[in-house]
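The residues making up each chain are set out below.
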There are 2 protein chains.
Amino acid sequence: MADKKLVEAITSMDEDFAQWYTDVVKKAELLDYTSVKGCMVFKPAGYAIWELIQSQMDTEFKKTGVENVYLPMFIPESLLQKEKDHVEGFAPEVAWVTHGGLQPLQERMCVRPTSETLFCDFYKNDIQSYRDLPKVYNQWCSVVRWEKETRPFLRSREFLWQEGHTAHATAKEAEERTIQMLNVYADFCENVLAIPVIKGRKTDKEKFAGAEATYTIEALMHDGKALQSGTSHNFGDGFAKAFGIQYTDKENKLQYVHQTSWGTTTRLIGAIIMVHGDDSGLVLPPKVAPVQVMVVPIQQKKEGVLDKAYELRDRLCGFRVKVDDSDKSPGWKFSECEMRGIPVRVEIGPKDLAANKCVLVRRDTREKIECSLDELEAKVAETLEKMQKEMLERARAHRDAHTYTAKNFEEFEKLFTEKAGFVKAMWCGDQACEDAIKEKLAVTSRCMPFEQEQIADTCVCCGKPAKKMVYWGRAY
Amino acid sequence: MADKKLVEAITSMDEDFAQWYTDVVKKAELLDYTSVKGCMVFKPAGYAIWELIQSQMDTEFKKTGVENVYLPMFIPESLLQKEKDHVEGFAPEVAWVTHGGLQPLQERMCVRPTSETLFCDFYKNDIQSYRDLPKVYNQWCSVVRWEKETRPFLRSREFLWQEGHTAHATAKEAEERTIQMLNVYADFCENVLAIPVIKGRKTDKEKFAGAEATYTIEALMHDGKALQSGTSHNFGDGFAKAFGIQYTDKENKLQYVHQTSWGTTTRLIGAIIMVHGDDSGLVLPPKVAPVQVMVVPIQQKKEGVLDKAYELRDRLCGFRVKVDDSDKSPGWKFSECEMRGIPVRVEIGPKDLAANKCVLVRRDTREKIECSLDELEAKVAETLEKMQKEMLERARAHRDAHTYTAKNFEEFEKLFTEKAGFVKAMWCGDQACEDAIKEKLAVTSRCMPFEQEQIADTCVCCGKPAKKMVYWGRAY
């Protein structure tokens, strides 16, 4: 049977999660490989998800006063080198442009791996007085990092993202903006992507090159691995001092600005796949589904069926809706809707037509809902809303069921040997313990969550007095 | 007076059009220069115009079945070289990446100057059967061309654009898509940017590297120079043969696809400035104005004035509206609204408040319209609509008044010596005449318009029998 074949084409997630992931990316036609090693093609179904993420996140940004800009993709080498920690973090993984046209360049330039240095160079001239502050700018663009190992959506040499860069008069205002944007990301993940996240601060070992403090949202994938899903950095006045970004305050004194940056990337699409997907393929939260409703005519050659399918599509124009009027079998069409993660399928055949009804099928639960055609729009709206809500609840239940607590190293090691998930454990604050844990268990500190608990009084690694509760995990 | 100073800061357009243009770009805070030679920063006011162009044009694209994708920014050298004419056209002006991280690359890559070769490489695998056709893909991205001379919006080393790339089963379908997209561009320019354009075909001399036919829309700037504002190319099966892009047709025979590409860039913003601007600055068509209405309180310290201004703003929430509540003088605020091209200014002071009215001022005509507060929303909507319409009419009248006709070389030369604008004249079809005209008058063929006229029977240059009527002009 044709429809069987399509489903059998993907590996079961319990059998081989990594292969399942690759299969879904390919069969749902999200991405494809290219001749350029480590770079991918975003196919229509993949790019459309990014467009929906982009437009909804951008709306949230703008509510907080963010303005969009666009800066060059090239960074002269001397500019990249101005902030010491930053250049050490990024120089080993940038792509270098050495020739323009037929001539060698006087100074080589890298393709931006991130744009702190360009924004600093810009702000240096653009900011003169306290009246010019704050600057709350963001850009949507692609960046390049010359990674050795790549994986669709999670790590590629070129990826799409947004990067916000702000400048403020005071340290307090910068810290507030850093936290504000982390909250925007967390709310977006929960409300739009139906992905619950842990908010917290990164340890110094894991923070961004050049930052005073890095905050993160961490999500748990279906296989129990963590995914860093967005970060927000407070730079203090470090970059301002390296680049000389000063303003005259109300008392006419020169002051350094305080800066932040924050970013999310197309790896959010990887998170959607790995949090919500199942053995039939992708499951898309309705708010980021490029097609929310697929109308599938049954026995479409029978009189009136196709016309009715088009009529239903037209009535559902308030949603992102399509009709599958191809000459494939209904079984194949169902299976394809499932693979592509389309939230609601509307089945309409001759018998339904006669009875003035249709059948709605939810992608996540596969629940079949008989629906009078008189109530179609309302029922579809209700189903999508319910699905969006329940997907978040399910993801949260999964996350909570895979979050463990360890009081000492024995428990800690046992959990990471037997289970997959987050482990909450205490930490003394010493990087040596982080290094030792990574060495022994291949586990990293994901974050020091804002919501702290006193699980024990001593560090899970060295037994010295504990300072912080940390989420630990294996991560993508 | 503070407000005088702001206006005096820009050069008059009749005195020095090039300087006026640069002044407007700078004073309206659209773009700024960077440390990267030939690359610009799009500031919020400039980028917001591009966002409005992008979202409205994208909507028109999608109505015709276009799907968005994203392909890598790098092209391996061997890929760029596959189509002979294409590589000759672009190789001299690309930026080359030679190192990834600390290692030299095995094969150098250029930063895309345009993506025909990448799309071909992708289509080669993605297209197998007639069922996979047509492919109607587009991407919004930036491209790099290592230009020696750069000008804000008109020519820079990196610029933002969209590039559509399609593949079709037949030559006829490819030609239809080429023309269809040219029409989308032309309608967009007229309906959204209020810029009338001439649609036509480029001569072989002026066509795109690798194309069978290039179609163009040409607009006339205020100074009488032409601006190529969008192009659409029919590649026939040339790229398909170079890259081996074949599909099996319904009879199971292998066939080459037929391809098109089409693009518009941020130079459209340059066109808006140069078609509509005046000596007070930018004049934005309401449909692409990031702020359509600015409410300016007069004597804002008087009781109730600021509150009323905010109330009017809230009532006008169906438009892109702001209040200028800064502590600058009203005169300064008026002048700033004008510089930034804000279509409608709403003035509200204590006397207006008492009389339940306000004053609307149109940016383009400076017409003052007394408006009862009871009719505010309707009057603003009507004014914006009227302004959009009249801006197009005015631009068309200017274009028509600066379009001339020459029957012979003497008339032709006289026109280009004494006037600035388009000159319509006949051409024999021989490139030698185009070369001679360019050599003698620094004038290029802009296009062979779809609407042909028989101005004379002989070529304006050589006197041999004429084949085509051509629009000639000096161009940006």
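Here's what I pulled together on the structure shown here. (Residues numbered from 1 in each chain as written. Chains lettered and ligands numbered in written order. Predicted model: local features only at pLDDT ≥ 70, side-chain atom pairs only at ≥ 80, totals over all residues. Heavy atoms only, no water.)

With that out of the way, let us pick up the overall build of chain A. Looking only at helices and strands, chain A has 15 helices and 23 strands in total. Seen along its three principal axes, the alpha-carbon backbone of chain A occupies a region of about 80 × 60 × 45 Å. Within chain A, buried positions represent 59% of all 476 residues. Taking the contacts inside chain A whose residues are at least 6 apart along the sequence as the reference set, 68% of them involve residues at least 24 apart. When the accessible surface of chain A is totalled, it reaches about 19,400 Å², and 47% of it is carbon and sulfur. With 67 positive and 74 negative side-chain charges, chain A shows a separation of 1 Å between the mean positions of the two kinds. (Helix = DSSP H or I, 4+ residues; strand = E, 2+ residues; numbered from the N terminus. Buried < 20%, exposed > 50% of the residue type's maximum accessible area, 1.4 Å probe, protein only. Contact = heavy atoms within 4.5 Å. Areas by Shrake-Rupley, 256 points an atom, 1.4 Å probe, with all protein chains shown as cover. Lys, Arg positive; Asp, Glu negative; His and termini not counted. Charge placed at Lys NZ, Arg CZ, Asp CG, Glu CD.)

Turning next to the nonpolar core. Formed by 207 residues in total, the largest nonpolar core has its most connected members in A:Ile53, A:Phe74, B:Ile53 and B:Phe74. For A:Phe74, the contacting residues outside a window of four places in its chain are A:Val97, A:Met109, A:Cys110, A:Val111, A:Leu118, B:Val36, B:Cys39, B:Ala95, B:Val111, B:Val144 and B:Trp146. (Core = buried A, V, L, I, M, F, W, Y, C linked by side-chain atoms within 4.5 Å.)

Residues and elements named next belong to chain A. Sheet architecture is open: five strands sit in the order β16-β15-β17-β18-β19, paired in mixed fashion. Both edges of this open sheet fall to β16 (321-323) and β19 (368-372), since each of them pairs with a single strand only. Here the average twist between neighbouring strands, direction ignored, is 25 degrees. Across the sheet, helix α13 (residues 376-401) is in contact with β15 (293-297), β17 (344-348), β18 (357-362) and β19; its angle to β18 comes to roughly 15 degrees. (Pairing = 2+ DSSP bridges. Axes fitted to C-alpha atoms, helices over the stretch in contact; angles between N-to-C directions.)

The end-to-end C-alpha distance of helix α3 (residues 44-63) of chain A, which contains 20 residues, comes to 29 Å, matching closely the 28 Å that a straight helix rising 1.5 Å per residue would cover. Looking only at α3(A), the buried set comprises A:Pro44, A:Gly46, A:Tyr47, A:Ala48, A:Ile49, A:Trp50, A:Leu52, A:Ile53, A:Met57, A:Asp58 and A:Phe61. (Expected span 1.5 Å × (residues − 1).)

Here we come to empty space enclosed by the protein. Tallied over the full model, the rule gives seven cavities of 30 Å³ or more. A volume near 90 Å³ is recorded for the largest cavity. Along the walls of the largest cavity sit A:Leu31, A:Cys39, A:Met40, A:Phe42, A:Phe153, A:Ser156, A:Glu158, A:Phe159, A:Leu160, A:Thr266, B:Tyr70 and B:Pro72, which together make up its complete lining. Of all the secondary structure elements, the ones that give two or more residues to the lining of the largest cavity are β2 (40-42) and β8 (158-168) of chain A. A per-element tally of the lining of the largest cavity places β8(A) first, with three residues. Looking at the lining of the largest cavity, its residues break down into nine nonpolar, two polar and one charged. (1 Å grid on protein atoms, 1.4 Å probe; cavity = no way out; pocket = protein on both sides within 12 Å on 5 of 7 lines; lining within 4 Å. Points joined across faces, edges and corners; volume = space filled by probe spheres on them. Nonpolar A, V, L, I, M, F, W, Y, C, P; charged D, E, K, R; others polar.)

This part covers the sheet that holds strand β19 (residues 368-372) of chain B. All names here are of chain B. Pairing within the open sheet is mixed, and its five strands lie in the order β16-β15-β17-β18-β19. Each edge of the open sheet carries a strand with a single partner, namely β16 (321-323) and β19. For this sheet, the mean inter-axis angle between neighbouring strands, taken without regard to orientation, is 25 degrees. The pairing of strand β17 (residues 344-348) with strand β18 (residues 357-362) spans four bridges and is antiparallel. The residue of β18 that forms the bridge with Glu347 is Val359. Relative to the sheet, helix α13 (residues 376-401) contacts β15 (293-297), β17, β18 and β19, its axis offset from that of β18 by approximately 15 degrees.

Turning chain B through 180 degrees and shifting it by 0.0 Å along the axis lays it on chain A, with an RMSD of 0.0 Å. Expressed as a symmetry operation, the mapping of one chain copy onto the other fits a two-fold axis. Across chain B, the smallest distance between a C-alpha and the rotation axis is recorded for B:Val97, namely 2.1 Å. When the interface residues of chain B are mapped onto chain A, 100% of them again fall at the interface, so both copies present the same face. (Least-squares fit on C-alpha atoms with pLDDT ≥ 70 in both.)

Residue and element names in this part refer to chain A. Taken as a whole, this structure holds 82 salt bridges over all chains when the rule is applied. A salt bridge links Glu393 to Lys389; its shortest N-O distance comes to 3.5 Å. Of this pair, Glu393 and Lys389 both sit in helix α13, four residues apart, which is roughly one turn of the helix. Judged by its relative accessible area of 41%, Glu393 is partly exposed. (Salt bridge = Lys/Arg side-chain N within 4 Å of Asp/Glu carboxyl O.)

What follows is about the interface of chain B and chain A. The partner chain A presents 49 residues to the 49 residues of chain B that form the contact. In total, about 4,100 Å² of surface goes out of reach between chain B and chain A, with carbon and sulfur atoms giving 64% of it. Where chain B meets chain A, there are four salt bridges. Scanning the region where chain B abuts chain A turns up 23 residue pairs in polar contact (both at pLDDT 80 or more). Here the side of chain B that touches chain A takes six residues from strand β5 (residues 95-100) of chain B, the largest share from any one element. Of the residues belonging to the side of chain B that touches chain A, the class tally is 30 nonpolar, eight polar and eleven charged. Note: strand β5 (residues 95-100) of chain A against β5(B), five bridges, orientation antiparallel. Bridge pairing in β5(B) places A:Gly100 opposite B:Ala95. (Buried area = accessible area lost by both parts, 1.4 Å probe. Polar contact = N/O pair within 3.5 Å; in protein donor to acceptor, adjacent residues only side chain to side chain.)

Turning our attention to the packing of aromatic side chains. A complete count under the given rule lists 46 aromatic pairs over all chains for this structure. Taking 6.0 Å as the distance between ring centres and 75 degrees as the angle between the ring planes, the aromatic pair formed by A:Trp146 and B:Phe74 counts as edge-to-face. Taken together, the residues span two chains, with A:Trp146 in the loop between β7 (135-144) and β8 and B:Phe74 in strand β4 (residues 74-76). Note on A:Phe409 and A:Phe412: the rings are 6.1 Å apart at their centroids and 50 degrees apart in plane angle, and the pair reads as tilted. (Phe/Tyr/Trp six-rings, centres within 6.5 Å; stacked < 30°, edge-to-face > 60°.)

With that out of the way, let us pick up the side chain of B:Thr64. Residue and element names in this part refer to chain B. Turning to its location among the elements, Thr64 is positioned in the loop between α3 (44-63) and β3 (67-68). Of note is the side chain of Thr64, whose polar atom sits 2.8 Å from the backbone oxygen of Phe61. Thr64 has contacts with Arg177, Gln180, Met181 and Val184, leaving out every residue within four places of it along the chain.

All names here are of chain B. All told, the structure shown has zero disulfides over all chains when counted by the stated rule. Between Cys120, a free cysteine, and Cys110, which holds the nearest cysteine sulfur, the sulfur-to-sulfur gap is 14 Å. Looking at the unpaired Cys433, the closest cysteine sulfur is the one in Cys462, lying at 3.6 Å. Residue classification places Cys433 among the buried residues on the basis of a relative accessible area of 6%. (Disulfide = S-S within 2.5 Å.)

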